[in-house]
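Fold and geometry: a report
As a plain string of letters, each chain reads:
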Amino acid sequence: MYRRLLITGAAGGLGRVMRHRVAGIAAVIRVSDIAEMEPAGDAEEVVQCDLSDAVAVHDLVAGCDGILHLGGISVEDMFPKILRSNIEGVFNLYEAARAHGHPRILFASSNHTVGYHPQTTRLDAQCTLKPDGLYGVSKCFGEAMAAMYHAKFGQETAIVRIGSCLEKPIDHRMLATWLSHGDFAELIRAVFAAPELGCPVIWGASANDDGWWDNAAVGFLGWTPKDNSAAFRAELEATVNRPSADDPRSVWQGGAFTQTSIITDQK
Ligand code: NAI
Ligand code: 15L
């Protein structure tokens, strides 16, 4: 059992759910976010912290032997925000980890690192990065930091390219990208239980009939997703219009993220 597991991004959509699903991994769960969080429960500590504040992150990581890194900007946004949270924030986290004995990290990367691959292509961990925006580029940076700190310092990270982690798929693309909360929770457990981890890329998707991603390289984790978006197909087909075949949402793995024009709006 871990001594203390740090969860960043604990006020966010996934953080609020996973906080209650990781019990038992560690004696103490330290939850953190820049935003306000629910008060501490049993065996929990709550620490408000801005990931872009290097000194605060150094203190945040002290005493932790595992980190579930969910914190950061989670959609396309203006570059200064992405810079602070996803670039400086990741650098601060890895530097803090280096200073505090290399706690094992699960880095929440994203399918938007490969968003400009067509939906007709099946990808494995060796595929070329094709980010679909500044957000995707920032996740590529995080993946590169993880790989460099592993090669140079032996820091272990599970790079999890999450598809769409929500209660159920809400559009046709998510029939391929969906990751159930239960499967994500089990993946977190597998990552922190593995005797040796290294720095693998793991596709964060459930056992969807329509999946695009090949996790053969991480069989050693013993993680077998159990849920399948097919269970929601009929409901989805009845309630949501399928975009046309030439719509970006049907063409690219990153779907609508390929179409955001925010870069041209940056000042
Ligand atoms: P979210 O946006 O709901 O939560 C992210 C949290 O990070 C927020 O509570 C926010 O306050 C916090 N945060 C942002 N900047 C911060 C900073 N400078 N310092 C401290 N905290 C900061 O995102 P969600 O959906 O919970 O996702 C969690 C992680 O998983 C994110 O890193 C996201 O990029 C990644 N991810 C999520 C997917 C999903 O389907 N939910 C898909 C792919 C990746
Ligand atoms: C992500 O990376 C986002 O954080 C999340 O909000 C979803 O939009 C997800 O990807 C997706 O591609 O569905």
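Residues numbered from 1 in each chain as written. Chains lettered and ligands numbered in written order. Predicted model: local features only at pLDDT ≥ 70, side-chain atom pairs only at ≥ 80, totals over all residues. Heavy atoms only, no water.

So, about the overall build of the chain. If you tally the helices and strands in the chain, you get nine helices and nine strands. The C-alpha radius of gyration of the chain comes to 18 Å, within 12% of the 18 Å expected for a compact globule of 267 residues. Oriented by its inertia axes, the alpha-carbon framework of the chain measures out at about 50 × 45 × 35 Å. Once local pairs closer than 6 in sequence are excluded, the contacts in the chain between residues at least 24 apart make up 68%. For the chain, the accessible surface area stands at approximately 11900 Å², while carbon and sulfur atoms represent 54% of it. Across the chain, the 23 positively charged side chains and the 32 negatively charged ones have centroids separated by 2 Å. (Helix = DSSP H or I, 4+ residues; strand = E, 2+ residues; numbered from the N terminus. Rg over C-alpha atoms; globule rule 2.2 N^0.38 Å. Contact = heavy atoms within 4.5 Å. Areas by Shrake-Rupley, 256 points an atom, 1.4 Å probe, with all protein chains shown as cover. Lys, Arg positive; Asp, Glu negative; His and termini not counted. Charge placed at Lys NZ, Arg CZ, Asp CG, Glu CD.)

As a structural note, the neighbourhood of ligand 1 is formed by 24 residues, with L14, D33, S74, Y135 and C165 the closest of them. L51 places a main-chain nitrogen or oxygen 2.8 Å from a nitrogen atom of ligand 1. Between K139 and ligand 1, the recorded distance is 2.9 Å, taken from a side-chain N or O atom to an oxygen atom. Look at ligand 1: alone it shows 830 Å² of surface, and the protein chains cover 83% of it. Elements represented by at least two residues in the shell around ligand 1 include exactly α1 (13-18), β5 (104-110), α4 (134-153) and β7 (164-165). Per element, the largest residue contribution to the shell around ligand 1 is three residues, and it comes from β5. A class-by-class count of the residues in the shell around ligand 1 yields 10 nonpolar, 11 polar and three charged. (Near = heavy atom within 4 Å. Polar contact = N/O pair within 3.5 Å; in protein donor to acceptor, adjacent residues only side chain to side chain. Nonpolar A, V, L, I, M, F, W, Y, C, P; charged D, E, K, R; others polar.)

Glancing now at the environment of A62. When you line up the elements, A62 lands in the loop between α2 (54-61) and β4 (66-69). Here A62 falls in the partly exposed class, since its relative accessible area comes to 27%. Along the sequence, A62 and E186 sit 124 residues apart, while their C-alpha atoms lie 26 Å from each other. (Buried < 20%, exposed > 50% of the residue type's maximum accessible area, 1.4 Å probe, protein only.)

Right, let's get into the confidence of the model for the chain. Interpretation of the predicted coordinates at a detailed level should be avoided for regions scoring low in pLDDT. Taken residue by residue, the chain gives an average pLDDT of 96. The fraction at 70 or more is 98%. Ranking the helices and strands of the chain by mean pLDDT puts strand β6 (residues 157-162) first, with 99, and helix α9 (residues 262-265) last, with 65. (pLDDT = per-residue confidence, 0-100.)

Right, let's get into the layout of surface pockets. Approximately 240 Å³ is the volume attributed to the second largest pocket. Lining the second largest pocket are 17 residues; nearest its centre among them are A205, S206, W213, N215 and P225. Among the residues forming the lining of the second largest pocket, the class breakdown is 10 nonpolar, five polar and two charged. (1 Å grid on protein atoms, 1.4 Å probe; cavity = no way out; pocket = protein on both sides within 12 Å on 5 of 7 lines; lining within 4 Å. Points joined across faces, edges and corners; volume = space filled by probe spheres on them.)

Quick look at the pairing of β4 now. Burial along β4 is two-sided: the residues G66 and L68 and I67 and H69 are all buried. As paired elements, strand β1 (residues 2-8) and β4 share four bridges and run parallel to each other. Within β4, the position partnered with L5 by the bridge is G66. Where β4 and β5 come together, four bridges link them in parallel fashion. Bridged to I67 within β5 is I105. Taken together, β4, helix α3 (residues 79-99) and β5 constitute a β-α-β crossover, and its handedness is right-handed. (Pairing = 2+ DSSP bridges. Right-handed = clockwise from strand over helix to strand, strands pointing away.)

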